[in-house]
Amino acid sequence: MYEVCVVGLGYIGLPTALMLAAHGNRVAGVDYDTHLIETLRSGKVTFQEDGLEALFAQALSGDIQFFTEYQKANYYIVAVPTPFDKDTKKIDPSYVINAVGSVLDVCPKSAVIIIESTISPGTINKFVRPFIQSRGFSVGDDIHLVHAPERIIPGAMIRELKQNSRIIGSDSKETGEVVRKIYATFCEGEIILTDIHSAEMSKVVENTFRDVNIAFANELAKICRQDNLDVYEIIRIANMHPRVNILSPGPGVGGHCISVDPWFLVGDYPGLSLLIHEARKINDSMPAFVLQRVHEIMKENNLTDISRVGFYGITYKEDVDDIRESPTLQLFEIMQKHLGGGVKFYDPLCKPDILPGQVADFDTFLDSCDIIVIMVGHKQILNNMPRLEGKWILDTRDVCKMPGVFKL
Ligand code: SAJ
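Computed from a predicted model, the values in this text were never measured in an experiment.

### Observations regarding the sheet that holds strand S3 (residues 63–67)
Ordered by their spatial adjacency, eight strands build an open sheet running S3-S2-S1-S4-S5-S6-S7-S8, and the pairing between neighbours is mixed. Of all the strands in the sheet, the pair left with one neighbour each is S3 and strand S8 (191–194). On average, each strand axis in the sheet is inclined to that of its neighbour by 25°, with strand direction left out of account. Bridge analysis of strand S1 (residues 2–7) against strand S2 (residues 26–30) gives four bridges, and the strand direction is parallel. Across the sheet, the residue bridging to Cys5 is Ala28, located in S2. Seen against the sheet, helix H8 (residues 196–226) touches strand S6 (143–147), strand S7 (166–170) and S8 and runs at an angle of roughly 145° to S7.

Laid out in structure tokens, this is it:
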């Protein structure tokens with residue numbers, strides 16, 4: 001019998017399972033993807049993240065095993081995807097429900113099921129609790145339910161797993177306290193106990209706050225462009241005020257969290273989430289704004305050959321290999337519909353076959369482009385700035401400090 005069974009070994013589940021094992025817990029990691037389990041069993045990690053390989057080595061010297069079948073354990077941590085329906089803007093809880101169903105098939109009496117996946121507020125009471133009851137289990141007696149939403153940021157996951165504070169939402173203080181002990185084996189941050197609905201709402205509110213703040217920055221970028229002002233300079237100055245903290249404008253908001261979670265509120269509270277909805281629309285308008293800037297710059301400088309335009313960066317942000325909801329993919333879709341193709345793409349962290357026009361290496365990319373649009377500030381480009389000299393550059397991330405660079 002394992003102490004913790006982690007269900008779903010993706011971006012959140014894998015580091016969490018490894019962290020638990022590295023801190024003395026007996027852990028089973030479960031995923032239905034056989035290839036992923038084979039890779040882990042062969043001693044390799046399945047995605048790139050700072051410190052993940054070292055953590056893996058540490059976990060293997062503890063007690064962790066990987067399976068495609070669910071295992072018996074005292075605690076289950078469910079970290080599976082929670083897609084949302086792009087039309088209704090509502091959460092699709094089917095992955096969570098299926099995972100909980102499979103837990104119920106094997107778990108001992110009094111097991112604790114901890115949902116870490118981000119869910120729209122009310123999901124546990126609307127879907128998960130009734131589902132468990134429909135299977136003949138009494139929640140709070142046969143099974144205990146907890147929502148402990150993950151809050152780590154890709155790029156600094158390992159550090160944040162240890163240092164961030166955590167939210168634990170449970171029906172009873174007693175259950176909250178036992179779950180706190182599990183997380184406290186590695187979490188040095190404060191662990192806050194609350195009820196399940198408040199935990200669900202807090203997590204979605206955090207990411208929505210960030211989305212709204214970025215939307216404000218993006219709107220400022222458009223306003224400053226009209227007056228030919230440098231928005232980054234304006235924000236830098238405004239942020240010197242002790243009570244102002246504006247995030248950075250960019251080519252759009254991607255990833256599976258910030259660009260998705262606000263929709264949960266828009267979908268469930270349509271008449272009440274006007275600002276949140278508008279912020280989503282502003283952030284989603286940024287890839288088109290980048291294209292508009294490319295056309296302006298080309299026109300002003302008599303540049304006509306669209307096939308010499310190259311977009312650097314396909315991932316949703318710097319130094320991760322995740323392309324979910326990435327602004328570059330959104331931009332590509334707009335180009336397909338309205339402008340035709342012919343441009344080049346390059347990303348050192350992506351497989352070379354994601355987009356038409358994608359080139360496989362940096363040298364070829366530089367040789368084939370006169371106009372470079374920096375969509376993502378990967379370390380690679382930061383370390384190679386002198387090689388961009390002589391190119392026309394549109395920097396949507398404010399990472400290039402060379403003279404003559406165009407900004408948003
Ligand atoms: N972005 C901007 N301007 C900024 C900051 C970000 O345009 O000033 C863009 C990024 O380039 C990216 C998107 O927003 O496309 C989201 O990036 P992010 O770094 O803000 O967030 P994620 O999605 O990588 O991770 C977030 C984190 N949430 C917060 O910082 C509040 C993380 O803590 C969460 O655990 C994670 O979402 C999640 O899973 O919810």
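### Comments concerning the pattern of salt bridges
Scanning the entire structure with this criterion turns up 24 salt bridges. Notably, a salt bridge pairs Asp141 with Lys109, separated by 4.0 Å at the nearest N-O pair. Placement of Asp141 in the loop between helix H5 (123–134) and S6 and of Lys109 in the loop between helix H4 (94–106) and strand S5 (111–115) is noted, with a sequence separation of 32 residues between them. Residue classification places Asp141 among the partly exposed residues on the basis of a relative accessible area of 43%.

### Remarks on the side chain of Asp347
Positionally, Asp347 belongs in the loop between strand S10 (344–346) and helix H14 (362–368). Here Asp347 is buried and forms no salt bridge, its nearest opposite-charge partner Arg397 lying at an N-O distance of 9.4 Å. Of the polar contacts made by the side chain of Asp347, one reaches the backbone nitrogen of Leu349; its length is 2.7 Å. Discounting chain neighbours no more than four positions away, the residues touching Asp347 are Gly313, Ile314, Thr315 and His378.

### Notes on helix H12 (residues 286–300)
Its 15 residues place the ends of H12 21 Å apart at the C-alpha level, agreeing with the 21 Å of an ideal helix rising 1.5 Å per residue. Within the sequence span of H12, burial applies to Met286, Pro287, Phe289, Val290, Leu291, Arg293, Val294, Ile297 and Met298. One or two steps after H12, the chain reaches Asn302, where phi turns positive at roughly 55°.

### Some points on the site of the ligand
For the ligand, the set of nearby residues contains 19 residues, the closest of which are Glu150, Lys203, Asn207, Arg210 and Tyr316. Within the backbone of Ile152, one N or O atom sits 2.7 Å away from an oxygen atom of the ligand. In the environment of the ligand, an oxygen atom lies 2.6 Å from a nitrogen or oxygen atom belonging to the side chain of Arg210. Taking 760 Å² as the accessible area of the ligand by itself, protein coverage stands at 89%.

### Digging into the sheet that holds S10
What the five strands build is an open sheet, ordered S10-S9-S11-S12-S13; its pairing is parallel. Each edge of the open sheet carries a strand with a single partner, namely S10 and strand S13 (406–407). For strand S12 (residues 392–395) and S13, the ladder comprises two bridges, and the chain directions are parallel. Residue pairing across strands places Asp395 opposite Lys407, the latter belonging to S13.

### Section: the state of the cysteines
Scanning the model with the defined rule gives zero disulfides in all. Cysteine Cys5 shares no disulfide, and the gap to the nearest cysteine sulfur, in Cys107, comes to 10 Å. You can see Cys400 has no disulfide; the closest cysteine sulfur is in Cys369, sitting 15 Å from it. For Cys400, a relative accessible area of 3% gives the class buried.

Cut-offs used in this document
Residues numbered from 1 in each chain as written. Predicted model: local features only at pLDDT ≥ 70, side-chain atom pairs only at ≥ 80, totals over all residues. Heavy atoms only, no water. Pairing = 2+ DSSP bridges. Helix = DSSP H or I, 4+ residues; strand = E, 2+ residues; numbered from the N terminus. Axes fitted to C-alpha atoms, helices over the stretch in contact; angles between N-to-C directions. Contact = heavy atoms within 4.5 Å. Salt bridge = Lys/Arg side-chain N within 4 Å of Asp/Glu carboxyl O. Buried < 20%, exposed > 50% of the residue type's maximum accessible area, 1.4 Å probe, protein only. Lys, Arg positive; Asp, Glu negative; His and termini not counted. Polar contact = N/O pair within 3.5 Å; in protein donor to acceptor, adjacent residues only side chain to side chain. Expected span 1.5 Å × (residues − 1). Near = heavy atom within 4 Å. Areas by Shrake-Rupley, 256 points an atom, 1.4 Å probe, with all protein chains shown as cover. Disulfide = S-S within 2.5 Å.

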